[in-house]
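Observations on the three-dimensional arrangement
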Protein chains: 2
Amino acid sequence: LKTTVSSPTQTVTISRDGPVTIIGERINPSGRKRLTASLKAGNMEVVRRDAVAQARAGASLLDVNAYVPGVGQAVLMQQVIRAVREVTDVPLCIDSHSPRVLKAALRECQGKPVLNSVNGKERSLAAVLPLVVEHRTAVIGMAMDDEGLPETAVQRLRTAARIVERAESLGIPRRDVIVDPVVLTARLDALAAREALKSIPLIVRELGVNVTLGASNLSHGLPHRTAINAAFVAIAIASGATCLIANPLDRQVRETIRASSLIVGRGEWTLHWIDWLCRSSER
Amino acid sequence: LKTTVSSPTQTVTISRDGPVTIIGERINPSGRKRLTASLKAGNMEVVRRDAVAQARAGASLLDVNAYVPGVGQAVLMQQVIRAVREVTDVPLCIDSHSPRVLKAALRECQGKPVLNSVNGKERSLAAVLPLVVEHRTAVIGMAMDDEGLPETAVQRLRTAARIVERAESLGIPRRDVIVDPVVLTARLDALAAREALKSIPLIVRELGVNVTLGASNLSHGLPHRTAINAAFVAIAIASGATCLIANPLDRQVRETIRASSLIVGRGEWTLHWIDWLCRSSER
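Here we summarise the structure given alongside this text. For clarity, every value in this text was computed on a predicted model and none was experimentally measured.

Re the side chain of Asn247 of chain A
- Counting through the fold element by element, Asn247 of chain A comes out in the loop between strand S10 (243-246) and helix H9 (251-263).
- The residues contacting Asn247 of chain A, other than those within four sequence positions of it, are Glu25, Arg26 and Val253 of chain A.

Quick look at the relation of the copies chain A and chain B
- Rotating chain A by 180 degrees about the axis while translating it 0.0 Å along that axis superimposes it on chain B, leaving an RMSD of 0.0 Å. This pairing of chains is accounted for by a two-fold axis.
- Counting the interface residues of chain A, we find that 100% of their copies in chain B are interface residues as well, pointing to one common contact surface.

Structural notes on the pattern of salt bridges
- In the structure shown here, the tally under the stated rule is 26 salt bridges over all chains.
- Residue Glu195 of chain A pairs with Lys198 of chain A through a salt bridge whose shortest N-O separation is 3.7 Å. Here Glu195 of chain A and its partner Lys198 of chain A are both found in helix H7 (residues 192-207), three residues apart, which amounts to about one turn of the helix.
- Residue Glu195 of chain A is classed as buried on the basis of its relative accessible area, which comes to 13%.
- As a salt-bridge pair, Arg162 of chain B and Asp145 of chain B come within 2.6 Å of each other at their nearest N and O atoms. With Arg162 of chain B in helix H6 (residues 153-169) and Asp145 of chain B in the loop between strand S7 (138-142) and H6, this residue pair connects regions lying 17 residues apart in the sequence.
- Within this structure, Glu45, Arg48 and Glu86 of chain A form a network of salt bridges that share partners.

Regarding the sheet that holds strand S7 (residues 138-142) of chain A
Residue and element names in this part refer to chain A.
- The parallel open sheet is built from eight strands, whose spatial order is S8-S7-S6-S5-S4-S3-S10-S9. This sheet does not close on itself; its edge strands, each paired only once, are strand S8 (177-180) and strand S9 (212-214). Strand after strand, the sheet turns through a mean of 25 degrees between neighbouring axes, direction not considered.
- Pairing geometry for strand S3 (residues 21-27) and S10, over four bridges, is parallel. Across the sheet, the residue bridging to Gly24 is Ala246, located in S10.
- Here helix H6 (residues 153-169) sits on the sheet in contact with strand S6 (114-119), S7 and S8, set at roughly 165 degrees to S8.

Some details on the packing of aromatic side chains
Residue and element names in this part refer to chain A.
- Counted by the stated rule, this structure contains four aromatic pairs over all chains.
- Ring centres of Trp273 and Trp276 lie 5.6 Å apart, and the angle between their planes is 45 degrees; this geometry places the pair in the tilted category. Note that Trp273 and Trp276 are positioned in helix H10 (residues 269-282) at a spacing of three residues, about one turn of the helix. The pair Trp273 / Trp276 is uniform in exposure class, with both members buried.
- One aromatic cluster is present, formed by Trp269, Trp273 and Trp276 through successive ring pairs.

Some details on the environment of Asn119 of chain A
Residues and elements named next belong to chain A.
- Tracing the chain through its elements places Asn119 in strand S6.
- Placed 25 residues apart in sequence, Asn119 and Met144 show a C-alpha to C-alpha distance of 5.9 Å.
- The residues contacting Asn119, other than those within four sequence positions of it, are Ser124, Leu125, Met142, Met144 and Ile163.
- Within the structure, the side chain of Asn119 is placed 2.8 Å from the backbone nitrogen of Lys121, a separation counted as a polar contact.

Description of the packing of helix H5 (residues 122-135) of chain B against H6 of chain B
All names here are of chain B.
- For the pair H5 and H6, interaxial distance at closest approach is 11 Å and the crossing angle is 35 degrees. When the axes of H5 and H6 are compared, the crossing they make is right-handed. Each of Glu122, Leu125, Ala126 and Leu129 in H5 lies in contact with H6, whose residues at this interface are Ile163, Arg166 and Ala167.
- Partitioned by chemical class, the residues of the contact of H5 with H6 number five nonpolar, no polar and two charged.

Structural notes on helix H7 (residues 192-207) of chain B
- End to end, H7 of chain B covers 21 Å across 16 residues, agreeing with the expected 22 Å (1.5 Å per residue, within 8%).
- Restricting attention to buried positions, one finds in H7 of chain B the residues Ala192, Ala193, Glu195, Ala196, Leu197, Ser199, Ile200, Leu202, Ile203 and Leu207 of chain B.

Re the interface of chain A and chain B
- Between chain A and chain B, the contact holds 30 residues from the first and 30 residues from the second.
- Joining chain A to chain B, the criterion identifies zero salt bridges.
- At the surface where chain A touches chain B, the tally comes to four residue pairs in polar contact (both at pLDDT 80 or more).
- Listed by contribution, the elements that provide at least two residues to the side of chain A that touches chain B are H7, helix H8 (225-239), H9 and H10 of chain A.
- The residue inventory of the side of chain A that touches chain B, partitioned by class, reads 22 nonpolar, five polar and three charged.

The rules behind each value
Residues numbered from 1 in each chain as written. Chains lettered and ligands numbered in written order. Predicted model: local features only at pLDDT ≥ 70, side-chain atom pairs only at ≥ 80, totals over all residues. Heavy atoms only, no water. Helix = DSSP H or I, 4+ residues; strand = E, 2+ residues; numbered from the N terminus. Contact = heavy atoms within 4.5 Å. Least-squares fit on C-alpha atoms with pLDDT ≥ 70 in both. Salt bridge = Lys/Arg side-chain N within 4 Å of Asp/Glu carboxyl O. Buried < 20%, exposed > 50% of the residue type's maximum accessible area, 1.4 Å probe, protein only. Pairing = 2+ DSSP bridges. Axes fitted to C-alpha atoms, helices over the stretch in contact; angles between N-to-C directions. Phe/Tyr/Trp six-rings, centres within 6.5 Å; stacked < 30°, edge-to-face > 60°. Polar contact = N/O pair within 3.5 Å; in protein donor to acceptor, adjacent residues only side chain to side chain. Left-handed = near helix turned anticlockwise from the far one by under 90°. Nonpolar A, V, L, I, M, F, W, Y, C, P; charged D, E, K, R; others polar. Expected span 1.5 Å × (residues − 1).

What follows is the structure, given as C-alpha cells:
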C-alpha cells in the first residue's frame, strides 16, 4: 500500500517501492536544552534552522513536536508549525499525545499531514480518529493499548490490526494508517527491539500497511548513540520498515538509511547511491 | 550448531548464542598496494602489524590470504602464517582457492583452523574436503557450483545443502561447515545481496549451520564503501549470519557489528555494549 502525504506544494509517497522515507526527528524539545530554551522564549530561530537543515539532508517529512512543560501546548505548536512553513514546504508529521494539540495544529496545516499518533487505547481511538476523518490526514498507529506495550511480536500485530480495523470502520482507508510497532530504550527492556522488529514482517504480511519506527528511541540513555541508531535503522529497513523517524543530520544514520534501502533491493545502486553521493558532495 | 576453532592456546566458538564473531579480513593483498609490495619483497612487517591491530580491535579469527600474482603461493602463505603466529594466538582462517596452498598452510597451523573455502564444484569438493577430514579443520562452504553463483535464495540453499551432505558423507560433522551464501559487488548485480541475505534464514532453518559473509564484497568498486559495509553487516546479522569476514579496524563497521548483535538479541546490552565501550576507550 502507498501512503500519500502533502504540503500545499509537495507530495510525498511512502511505499515499499523506492528508498525508505526519512521523517526528520529534530524538531522535538525532548532532551534538547537549547531548543527548549528558545521555545520557552518564543524564539523560533532554532526551529527554522532545524527545518531547513533536515530538508536539505534528505528528510521528506518533518516531525514537529512542541511539548515544553509549563508552556501552552496548542499555541506553541501553532507557532512552531508557522515557523517551519516559513522556511520549507516539506509535509509535516504532527507529533503530540494530545488530541487538543493535534486539532490546533491542523488549523495551521494545508495539504495532508500525518498525525503522530493514535494508539489502541479506547480514549485515543475515540479522540484522534475523528480528526483523521475530518481533515483527511494520514495517521501513525502505535501498537500499544490499555494494557500497555504488548510483549511479543504477535501481540503487537494484533494491536495494530485493531487500530487498522477501527480506522476502516470510520471510513479511513487502510493505506493512510502507518503502523509503529514501538521500540523503547534498551535500558528498560533489552529485548524490546527484537520483538518490535520481528513484528514488522507479520504486520506487512497481514495488514499490508506502511511501517515506521522511531530510530533514536532504542539508544536513549546508552553511550555512543549514533552507532546504535545506525545499526538499528539498517535492521529496521531489512525487517520491512518503509519510513523512519530519524535524524538526517547524523551522517552515519543518513548514509545507513540510503545504503540499507539499496541492499534490500529498494532502489537502484547506480541511480540512487552514486547520484545521491554526488548531490551530497555538491552542497 | 556450534563451530569450535582453535590455535594452540585459544579456542573460539561460533554460534547463535552470543555476539557475532569477527573474522579479520585485512591480511589479503587484493586491492592493497602496500601489503602487496611488502609481500613481494618478503617483508612481513605489514602482516604482523595488521594481525596485532585486528586482534586488538575485536577480531576473534584472522583470515589469511597471500595471493600475489607471480609469487610462489604455497611458500608465501607459509611465511605469512608464521609471521602472524609470531605476534598473535588468534585462530586462523586460511584463505585460498588452491588446495595445494591450503595443504601447505596446514603444515604451519596447530590447533583447528578454518579452511576458506570449498565450494559446490566437483573439483573443489574432491580436493578440499579430504584435507578437512585429515586435519580435522572447520571449512567455509561457498554456495556456488559448476553452474556458477545461483541466482535465487532457494538455489543457494540447495547448493549449500549439497556441500553439507557431501561433507557429512566423508565423516565431517555438519557443525564444522560454515556456509557462505556469497555476495559479490553491487556493481555487477544490484540484487545479488538481496538473494544472498534472503537465503540465510532458509539455510539456518534447513541446515542449522553457522553462516558467514564477506562484509566488504558488496561495496567493491562503489564510492563511500564504509557506509555500505556498515549497513550490510547490520542486515547480515539481522538475517542470521553468525560470523563475518570484515574489517574490525573500520570503526563504523566494528561498532555496527557489536550494536547489531545486541539489537537482534544476541548478548546483553549492559554486559556487552557498555563494557565493550569502556574497554575500547581504555586502549
